[in-house]
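What follows is each chain in one-letter form.
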Protein chains: 2
Amino acid sequence: MASPRTVVAGAAARKQVSRPGRLASAPRMGLVPAVQRLPLDEILIGDCIAAMDGLPAASVDCVFADPPYNLQLGEGALLRPDQSRVDAVDDDWDKFSSLAQYDSFTRAWLTACRRVMKPNASLWVIGSYHNIFRVGSALQDLGFWILNDIVWRKANPMPNFRGKRFTNAHETLIWASRDPSAKYTFHYEALKGGNEDLQMRSDWFIPLCTGDERLKDAAGHKVHPTQKPEALLARTLLSATNPGDVVLDPFFGTGTTGAVAKRLGRRFIGIERESVYAAAARRRIDAVEPLSQATLALAPAKRAEPRVPFLSVIEAGHVRAGETLSDARGRFKAVVRPDGTVMVGPVSGSIHKIGALVQGLPACNGWDFWHAERNGQRVVIDTFRAKMRTQMGSAA
Amino acid sequence: MASPRTVVAGAAARKQVSRPGRLASAPRMGLVPAVQRLPLDEILIGDCIAAMDGLPAASVDCVFADPPYNLQLGEGALLRPDQSRVDAVDDDWDKFSSLAQYDSFTRAWLTACRRVMKPNASLWVIGSYHNIFRVGSALQDLGFWILNDIVWRKANPMPNFRGKRFTNAHETLIWASRDPSAKYTFHYEALKGGNEDLQMRSDWFIPLCTGDERLKDAAGHKVHPTQKPEALLARTLLSATNPGDVVLDPFFGTGTTGAVAKRLGRRFIGIERESVYAAAARRRIDAVEPLSQATLALAPAKRAEPRVPFLSVIEAGHVRAGETLSDARGRFKAVVRPDGTVMVGPVSGSIHKIGALVQGLPACNGWDFWHAERNGQRVVIDTFRAKMRTQMGSAA
DNA sequence: ACAGATTCTGAATCGTGGA
DNA sequence: GTCCACGATTCAGAATCTG
């Protein structure tokens, strides 16, 4: 439950912003005590540290945080070459009296995040050079384990009007697990497939949030000064969460995390101090149409494929006991034994171990190394495993 | 003068490595007392903190530092999929017992740098996510003023062999002035001219240091595990120093900073703990031919066409997740998934892989094969990629 | 000599599950 | 907790080898 200083969006206005049929009213586990029930797909209004302290420990799968950047802008307004005024971030929530105060704030919210994270959860934080070094250091000090730093390269950054520095054309995200030993979620195969079969790199090229996506008020002014593009959130959530996972955003703002989570079939918990932002977020999220389950299902990771013992390949008759296997060029030979091991001279062992042995290597994937002769052609034995998996597929 | 624990490269071997006609014997200011004379274009061998403490205060115009990254690699060797062994950085100079020890080392050398920097000097530090947050925080704590963080995007990074993270495809440089009020050097116009009249951005695309540029010993092994590309140093020195300026590099290694400084008509002071590296640096720098004053201009960088992942096309909204693609004649259909893969029946994969699959071909260019319907017309998806490339402009 | 094929390598915090 | 078997995993560019 939320702490006394925290209310669910939007308190008095709850009837408008929190629909009766929302998912939060259907907790996934009926046995969870009421006091521990997660406010799923809800927006808590209040201080994020107090709100997180009111959540049960080890309850969320992922955190996405876009904290204040502590920009420390000068007093005077920045003018463009045409003398128009740059609409800078000068809100009170970005005012800190010192680096020490910012550090202490950073440690406090990161500590609160760490408590509510499941052991295998991971956390994303976005920032610029003003604050990201403080955040990264705090993360490491608190025991988080950095997995990557990711560079969001902006397609259309604001130019440096004074010509005094390089165009600040990127922001940095840190992706970290709760502990060095955590078994975090990472959809390697899916990301690779979406990148034309190349590994996804640590530098992402994504446009700013503009146009229809940018929330505007009645007067046409942007509702929030630092609204992030949905594409950025989509890539983070697709890579590091599963459908149904709970994503916590302690600096919810206008709810990009919630909108993307809903669209991608994830659950969210948002925390936001300003009720104006929370109300805008609620309206925005309510209008989001989730993608169908079928569209959403991620490409199965290779390692999730059913394990086929080499013995089963023999039992199925694809390879015969007593048959001789060789490598691709026919330099090495091994005899298949009925128990699923192979034999070279007096030595026998698994297809992997013997493959490594004959090559003098520390390790070897025997499935890709050994070949059988079929119709005068050498056929890699992984072919037989693939055949068996196809047959198993319909059952699984 | 250098401290007692510091010797000029290479001490006994000075006759070979330090030529009589070297620039160091002609200080620019005759009034500087002998004891305060700068060891210009020399390499000091020894601990960098002691060596810097032996230099006069406020005497250098720029610092470039490539400190140990504190990688904290695990015990076991990392093997590639082909079982070859990755030649990791496991040198003693990158071993620190704790984060606290690394922090104290970082503060010490940064403090020493700050003392020898002229009031308007600026400093560059390069690092990876392992150390850059410690460095950035220390910089801010010591009173430096961060001007930019720069991302060095590697053209040819090492892949992530285990498929457990994003390919670590960049390193970060921090550019900072000694004080918030410093009037630092920045050659805005020159950089813009070399960038087709667009402001130089904070993300730089530069290949690794390989080939003839990479120093090798007699056995053909790399002399230094982390030699930086000269292109990287050239861009930093061209942007933030003037000809004749003094550049200090406290972690000189094999002297990339010195080689580039000499070529670009800057003076250097190198400090290096390992005499083997220092000797290699001396030989390398002696072979460098300086450019004529007239030639000192920024060469426009060549750029390949930027690669656009299909996922980015979806993120940009040109194609919608859940939408159906077809081939030119409408014989085959595939559904777009939010992660950038496409799906035919139960099978999913990249646009290329699935294009090949449905046609029964070994390969297929998905960009030319798949079409989306727009206004009753089939539009090949390469159209959307071309659109995005126009927007990306010089961003490759 | 030259084109094409093959090999090599780069700052790396790089596994999982059962006994 | 530890130990061990199993087995999954790479991209671009340059260097080197082959025909």
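Here goes a summary of the coordinates provided. Keep in mind it's a predicted model, so treat the numbers as computed, not measured.

Rules of the game
- Residues numbered from 1 in each chain as written.
- Chains lettered and ligands numbered in written order.
- Predicted model: local features only at pLDDT ≥ 70, side-chain atom pairs only at ≥ 80, totals over all residues.
- Heavy atoms only, no water.
- Helix = DSSP H or I, 4+ residues; strand = E, 2+ residues; numbered from the N terminus.
- Buried < 20%, exposed > 50% of the residue type's maximum accessible area, 1.4 Å probe, protein only.
- Areas by Shrake-Rupley, 256 points an atom, 1.4 Å probe, with all protein chains shown as cover.
- Contact = heavy atoms within 4.5 Å.
- Near = heavy atom within 4 Å.
- Polar contact = N/O pair within 3.5 Å; in protein donor to acceptor, adjacent residues only side chain to side chain.
- Nonpolar A, V, L, I, M, F, W, Y, C, P; charged D, E, K, R; others polar.
- Disulfide = S-S within 2.5 Å.
- Axes fitted to C-alpha atoms, helices over the stretch in contact; angles between N-to-C directions.
- Parallel < 35°, antiparallel > 145°, perpendicular 65-115°, else oblique.
- Left-handed = near helix turned anticlockwise from the far one by under 90°.
- Salt bridge = Lys/Arg side-chain N within 4 Å of Asp/Glu carboxyl O.
- Core = buried A, V, L, I, M, F, W, Y, C linked by side-chain atoms within 4.5 Å.
- Phe/Tyr/Trp six-rings, centres within 6.5 Å; stacked < 30°, edge-to-face > 60°.
- Buried area = accessible area lost by both parts, 1.4 Å probe.

Looking only at helices and strands, chain A has 13 helices and 15 strands in total. With 396 residues in all, chain A has 53% of them scored as buried. Summed over all atoms, the accessible surface of chain A reaches about 17,800 Å², with 54% contributed by carbon and sulfur.

To continue, consider the environment of Leu173 of chain A. Residue and element names in this part refer to chain A. Within the secondary structure layout, Leu173 lies in strand 6 (residues 170–177). Put simply, Leu173 and Ile126 are 47 residues apart on the chain and 4.2 Å apart in space, counted from C-alpha to C-alpha. Leu173 has contacts with Phe64, Trp124, Val125, Ile126, Asn148, Asp149, Ile150, Trp152, Leu232 and Thr236, leaving out every residue within four places of it along the chain.

Residue and element names in this part refer to chain B. Neighbouring DNA strand C are 40 residues, the closest being Arg80, Tyr129, Met158, Arg162 and Lys222. The protein-proximal atoms of DNA strand C, defined as those within 4 Å of the protein, are 46% sugar or phosphate. The separation between a base nitrogen of DNA strand C and a polar main-chain atom of Tyr69 is 3.1 Å. Within the backbone of Pro157, an N or O atom sits 2.9 Å from a base nitrogen of DNA strand C. Looking at side-chain class alone, the surface near DNA strand C contains 19 nonpolar, 8 polar and 13 charged residues.

For the rest of this paragraph, the subject is the state of the cysteines. Simply put, disulfide is the name for a covalent bond between the sulfur atoms of two cysteines. Residues and elements named next belong to chain A. One pass over the structure, following the stated rule, counts 0 disulfides over all chains. This cysteine, Cys48, is not joined by any disulfide, and Cys113 carries the nearest cysteine sulfur, 6.9 Å off. Judged by relative accessible area, which is 5%, Cys48 ranks as buried.

Residues and elements named next belong to chain B. Counting buried positions over the 10 residues of helix 4 (residues 132–141) gives 9, a clear majority of the element. Among the residues of helix 4, those classed as buried are Ile132, Phe133, Arg134, Val135, Gly136, Ser137, Ala138, Leu139 and Gln140. Downstream of helix 4 by a residue or two, Gly143 has a phi angle that is positive, lying close to 100 degrees.

Turning our attention to helix 6 (residues 230–240) of chain B. Counting buried positions along helix 6 of chain B yields 10 of 11 residues, so the element is predominantly enclosed. Buried residues of helix 6 of chain B: Glu230, Leu232, Leu233, Ala234, Arg235, Thr236, Leu237, Leu238, Ser239 and Ala240 of chain B, and no others.

Right, let's get into the packing of helix 6 of chain B against helix 7 (residues 256–263) of chain B. All names here are of chain B. It is at 9 Å that the axes of helix 6 and helix 7 come closest, and there the two elements cross at 55 degrees. Compared by their axis directions, helix 6 and helix 7 come out oblique. Helix 7 is crossed by helix 6, and the crossing has right-handed handedness. Along the contact surface, helix 6 presents Glu230, Leu233, Ala234 and Leu237, while helix 7 presents Thr256, Thr257, Ala259, Val260, Ala261 and Arg263. In terms of residue class, the contact of helix 6 with helix 7 is built from 6 nonpolar, 2 polar and 2 charged.

Turning our eyes to something else, we now look at the pattern of salt bridges. Per the counting criterion, the structure on display carries 38 salt bridges over all chains. The salt bridge involving Asp286 of chain A is made with Arg282 of chain A; its shortest N-O contact spans 3.3 Å. In this pair, Asp286 of chain A and Arg282 of chain A both sit in helix 8 (residues 275–286), 4 residues apart, roughly one turn of the helix. Across the salt bridge formed by Asp339 of chain B and Arg337 of chain B, the nearest N and O atoms sit 4.0 Å from each other. With relative accessibility at 3%, the residue Asp339 of chain B sits in the buried group. Salt bridges here are not isolated pairs; linked through shared partners, they connect Asp103 and Arg134 of chain A together with Arg107 and Asp141 of chain B.

What follows deals with the nonpolar core. One finds Trp109, Leu123 and Leu248 of chain A together with Trp109, Leu123 and Leu248 of chain B to be the most contacted residues of the largest nonpolar core, which totals 75 residues. Setting aside chain neighbours within four positions, we find Leu248 of chain A in contact with Met52, Leu55, Val60, Cys62, Val63, Phe64, Val116, Ile269 and Ile271 of chain A. Ile126, Val247, Ala278 and Leu296 of chain A belong to the second largest nonpolar core, which has 46 residues in total.

Once that is clear, we can look at the packing of aromatic side chains. Two descriptors summarise a pair of aromatic rings, namely the distance from one centre to the other and the angle between the planes of the rings. Residues and elements named next belong to chain B. Evaluated as defined, the whole model comprises 36 aromatic pairs over all chains. For the ring pair Tyr102 and Phe105, a centre distance of 6.0 Å and an interplane angle of 50 degrees mean the geometry is tilted. In this pair, Tyr102 and Phe105 both sit in helix 3 (residues 99–116), 3 residues apart, roughly one turn of the helix. For the pair shown, Tyr102 and Phe105 are each scored as buried.

This paragraph deals with the interface of chain B and chain A. Each partner contributes to the interface: chain B provides 74 residues, whereas chain A provides 72 residues. Of the roughly 6,300 Å² buried where chain B meets chain A, counting both sides, 53% is carbon and sulfur surface. Of all residues in chain B, the largest losses of buried area upon contact with chain A belong to Phe133, Arg165 and Phe166 of chain B, amounting jointly to 14% of the total for that side. The interface formed by chain B and chain A holds 5 salt bridges in total. Close ionic contact of Asp203 of chain A with Arg153 of chain B constitutes a salt bridge, the shortest N to O distance being 2.6 Å.

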